[in-house]
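One-letter residues, chain by chain:
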Amino acid sequence: MAPHHPEDVRVKAAKTPRRAVAAADRTRQPTEVRRRLIVEAAVPLIAERGYASVGVRDVAAAAGVSVGTVTYHFGSVQEILSEAMVLNIERYYAALNEAAEEASGAAEALRLLIDALFTEDTDRHWRMWFDYWSAGDRDQDPEQAFAGGQAKRYEDWHGQIRALVERGVADGEFVCADPAGFTVRFAALSDGLALQRLRQAPPLSTEDARRHMYRLVETELGTGGR
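Calculation notes
Residues numbered from 1 in each chain as written. Predicted model: local features only at pLDDT ≥ 70, side-chain atom pairs only at ≥ 80, totals over all residues. Heavy atoms only, no water. Helix = DSSP H or I, 4+ residues; strand = E, 2+ residues; numbered from the N terminus. Buried < 20%, exposed > 50% of the residue type's maximum accessible area, 1.4 Å probe, protein only. Contact = heavy atoms within 4.5 Å. Areas by Shrake-Rupley, 256 points an atom, 1.4 Å probe, with all protein chains shown as cover. Polar contact = N/O pair within 3.5 Å; in protein donor to acceptor, adjacent residues only side chain to side chain. Axes fitted to C-alpha atoms, helices over the stretch in contact; angles between N-to-C directions. Parallel < 35°, antiparallel > 145°, perpendicular 65-115°, else oblique. Nonpolar A, V, L, I, M, F, W, Y, C, P; charged D, E, K, R; others polar. Core = buried A, V, L, I, M, F, W, Y, C linked by side-chain atoms within 4.5 Å. UniProt positions renumbered as here; feature names shortened; annotations may be inferred. Left-handed = near helix turned anticlockwise from the far one by under 90°.

1. A few points about the overall build of the protein
Part 1 of the argument: In terms of regular secondary structure, the protein is built from 11 helices and 0 strands.
Part 2 of the argument: When the elements of the protein are put in sequence order from the N terminus, they spell out α-α-α-α-α-α-α-α-α-α-α.
Part 3 of the argument: Taking all 226 residues of the protein together, the buried fraction comes to 46%.
Part 4 of the argument: If you take every contact in the protein between residues at least 6 apart in sequence, the share linking residues at least 24 apart comes to 70%.
Part 5 of the argument: When the accessible surface of the protein is summed, it comes to about 11100 Å², and 52% of that surface belongs to carbon and sulfur atoms.

Below you can see the structure in the form of structure tokens.
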């Protein structure tokens, strides 16, 4: 799961943007490269401080560029942070999807997904996810950019889970008459457990979070979830 860990992102964000400090280098970089450097630098800031606590000066300092460079390429701090959140989330779920595709069967794939959802390293991902979840309402986002982006993330995530269940049913690993319903419950339980884990009210370990997810799979999908 190394590709999606926030620690990996922080290493990249800390090293890469500093190559953009020299003015001569900056003039040679295409707009999309500069934007990417700025967004990369914003990812660990959001993970560590939270979306509401990160400003344009913070992002500029982390990226090794001037405030003017940041404001030239982005219309608002919200735009930077929205792209940074999407970048982190897409990396995270891309890694989960890759793990699932390499599994020998649907049951193993679901187990790998559950294991990857709840680790000490993924707590930062979940903080960003819930921050992203509420950012649109908090900032009164008139264009629903945040809400629309998260809806797409959920659609993709639900599609991945449902495809695994249907694959398991077709292969005889699972017994499930309602893959869509199971998908909703799987996603809802993982979100709820992640929030409880972050708040620790009541306390919840990663092992217990996984155990609850395993139980859902075992109960609803039959022996294939064991």
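2. Overview of the side chain of Thr 122
Part 1 of the argument: Mapped onto the secondary structure, Thr 122 falls in the loop between helix H7 (106–117) and helix H8 (123–138).
Part 2 of the argument: Among the residues examined, Thr 122 registers a relative accessible area of 1% and is labelled buried.
Part 3 of the argument: At 3.0 Å, the side chain of Thr 122 and the backbone oxygen of Thr 119 are in polar contact.

3. Remarks on the packing of helix H3 (residues 31–49) against helix H6 (residues 77–102)
Part 1 of the argument: Closest axis-to-axis distance for the H3/H6 pair is 8 Å, and the angle between their directions is 75 degrees. Accordingly, the angle class assigned to the pair H3 and H6 is roughly perpendicular. Facing Arg 35, Arg 36, Ile 38, Val 39, Glu 40, Ala 42, Val 43 and Ile 46 of H3, the residues of H6 in contact are Glu 79, Ile 80, Leu 81, Glu 83, Ala 84, Met 85, Leu 87, Asn 88 and Arg 91.
Part 2 of the argument: Here the contact of H3 with H6 is built from residues that sort into 10 nonpolar, 1 polar and 6 charged.

4. Here's the deal with the environment of Ser 66
Part 1 of the argument: By secondary structure assignment, the location of Ser 66 is in the loop between helix H4 (56–63) and helix H5 (67–73).
Part 2 of the argument: With 10 residues separating them along the chain, Ser 66 and Val 56 place their C-alpha atoms 9.7 Å apart.
Part 3 of the argument: Polar contacts involving the side chain of Ser 66 include one to the side chain of Thr 69, which spans 2.9 Å.

5. A look at the nonpolar core
Part 1 of the argument: By size, the foremost hydrophobic cluster in this structure holds 60 residues, and its most contacted members are Leu 110, Trp 157, Phe 182 and Phe 186.
Part 2 of the argument: Those elements that provide at least two residues to this core are H3, H4, H6, H7, H8, helix H9 (145–170), helix H10 (179–199) and helix H11 (206–221).
Part 3 of the argument: It is H6 that contributes the most residues to this core, 11 residues altogether.
Part 4 of the argument: Filtering out sequence-adjacent residues up to four positions away, Trp 157 remains in contact with Tyr 93, Leu 96, Leu 113, Leu 117, Phe 186, Ala 187 and Ser 190.

6. Observations regarding the environment of Asp 115
Part 1 of the argument: Of note, Asp 115 is situated in helix H7.
Part 2 of the argument: Overall, Asp 115 belongs to the buried group, its relative accessible area being 16%.
Part 3 of the argument: Put simply, Asp 115 and Arg 211 are 96 residues apart on the chain and 9.7 Å apart in space, counted from C-alpha to C-alpha.
Part 4 of the argument: Other than its neighbours up to four places away in sequence, Asp 115 contacts Arg 210 and Tyr 214.

7. Notes on the UniProt feature "DNA-binding region" (unreviewed entry) in the protein
Part 1 of the argument: In the numbering used here, UniProt assigns the "DNA-binding region" (unreviewed entry) feature to residues 55–74.
Part 2 of the argument: Along residues 55–74 the backbone is 75% helical and 0% strand, and the end-to-end C-alpha distance reaches 13 Å.

8. Some details on the packing of H3 against H4
Part 1 of the argument: Interhelical geometry of H3 versus H4 gives an angle of 120 degrees and a closest axis separation of 8 Å. The orientation of H3 with respect to H4, classified from their angle, is oblique. The hand of the H3/H4 crossing is right-handed. The residues of H4 that touch H3, namely those facing Leu 37, Ile 38, Ala 41, Ala 42, Leu 45 and Arg 49, are Asp 58, Val 59, Ala 62 and Ala 63.
Part 2 of the argument: Residues belonging to the contact of H3 with H4 are distributed by class as follows: 8 nonpolar, no polar and 2 charged.

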